[in-house]
Amino acid sequence: MKVKLFILAFYSILQTLFANDVIVKDFDGDNKLDKVYINHTSNTIIYLLSSCDYLEKQSLSFSKLSKDTKLIETKNGFKLESNIDNILYSSYFKFNKEHKNLELVGINRKIKSLNNEFENGESSYKFSTQELVAKWNYISKTTKEMVSMPTLKTKLILNKVHLDAFNDEFLIKFAEKISSIYKTEISKLD
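Residues numbered from 1 in each chain as written. Predicted model: local features only at pLDDT ≥ 70, side-chain atom pairs only at ≥ 80, totals over all residues. Heavy atoms only, no water.

1. Overview of the sheet that holds strand S3 (residues 44–48)
Part 1: Pairing in this open sheet of 4 strands is antiparallel, and the strands run S1-S2-S3-S4 from one edge to the other. A strand with exactly one partner marks an edge of an open sheet, and here the two such strands are strand S1 (22–25) and strand S4 (57–58).
Part 2: Examined bridge by bridge, strand S2 (residues 34–39) and S3 share 5 bridges and lie antiparallel to one another. When the sheet's bridge partners are listed, Tyr-37 is paired in S3 with Ile-46. (Pairing = 2+ DSSP bridges. Helix = DSSP H or I, 4+ residues; strand = E, 2+ residues; numbered from the N terminus.)

Here it is in structure tokens:
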């Protein structure tokens, strides 16, 4: 019992020291600690799961993994917060028991323009419902002012992806699909 308490205390100290880069938690539900962390040298997300005998797995390499990229613990897993250009992506992962892997379950994408000179907004996608919900603002071609679009809810079919097949390329392709939907909706309004 004392050894377990020591190990938990040790991991808690490590987690505090590397709060944005490491999460130690039971992801796979077997009451054993697992680990996920950012490797800024290889630009990958590394993870070790007890249900996979702590075999080290990693994401695909990110081409734009900034130093402010964070891992944040969630109730059922973790989220990866990363900025690509002026867009904040929050990618949510949790353990998939069938595939014994960490799986992307949702994405939030947020573009913020402080001076309202650029189109901005927020969109979220859940793989379980295959629903995209978006709240966007755009610059009207006729009035040249920022206009809020009605909230958009639409189905979007995306293939499920595990962490070992995930990187910023997936997020960029996601953004391209969202932009296409966005432009179609603007053309109906303006």
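2. Description of the layout of surface pockets
A probe as big as a water molecule, rolled over the atoms, marks out the empty space that is left.
Part 1: What the largest pocket holds in volume is close to 300 Å³.
Part 2: The wall of the largest pocket is formed by 18 residues, among which Tyr-92, Val-105, Gly-106, Tyr-125 and Lys-126 lie closest to the centre.
Part 3: Counting only elements with at least two residues in the lining of the largest pocket, the list comes to strand S6 (77–84), strand S7 (87–96), strand S8 (101–111), strand S9 (120–126) and strand S10 (131–139).
Part 4: Taken together, the residues of the lining of the largest pocket break down into 6 nonpolar, 8 polar and 4 charged.
Part 5: Of the volumes computed, that of the second largest pocket is approximately 260 Å³.
Part 6: If you trace the second largest pocket, you find 17 residues lining it, with Ile-87, Arg-109, Ile-111, Ala-175 and Ser-179 closest to the centre.
Part 7: Counting only elements with at least two residues in the lining of the second largest pocket, the list comes to S7, S8, S9 and helix H2 (168–189). (1 Å grid on protein atoms, 1.4 Å probe; cavity = no way out; pocket = protein on both sides within 12 Å on 5 of 7 lines; lining within 4 Å. Points joined across faces, edges and corners; volume = space filled by probe spheres on them. Nonpolar A, V, L, I, M, F, W, Y, C, P; charged D, E, K, R; others polar.)

3. A look at the pattern of salt bridges
Part 1: This structure, assessed with the given rule, holds 6 salt bridges.
Part 2: Notably, a salt bridge pairs Glu-81 with Lys-70, separated by 3.9 Å at the nearest N-O pair. Taken together, the residues Glu-81 in strand S6 and Lys-70 in strand S5 (residues 70–73) connect sequence positions 11 residues apart.
Part 3: The class for Lys-70 is partly exposed, based on a relative accessible area of 31%.
Part 4: Across the pair Lys-188 and Glu-185 runs a salt bridge whose closest N-O atoms are separated by 3.2 Å. A residue pair is termed a helical-turn pair when its members lie 3 or 4 positions apart in one helix, as Lys-188 and Glu-185 do in helix H2 at 3 residues.
Part 5: Lys-188 gets classed as exposed once you look at its relative accessible area, which sits at 60%.
Part 6: A single salt-bridge network, built from bridges that share partners, covers Lys-70, Lys-79 and Glu-81. (Salt bridge = Lys/Arg side-chain N within 4 Å of Asp/Glu carboxyl O. Buried < 20%, exposed > 50% of the residue type's maximum accessible area, 1.4 Å probe, protein only.)

As far as function goes, none of this settles anything; it's purely spatial.
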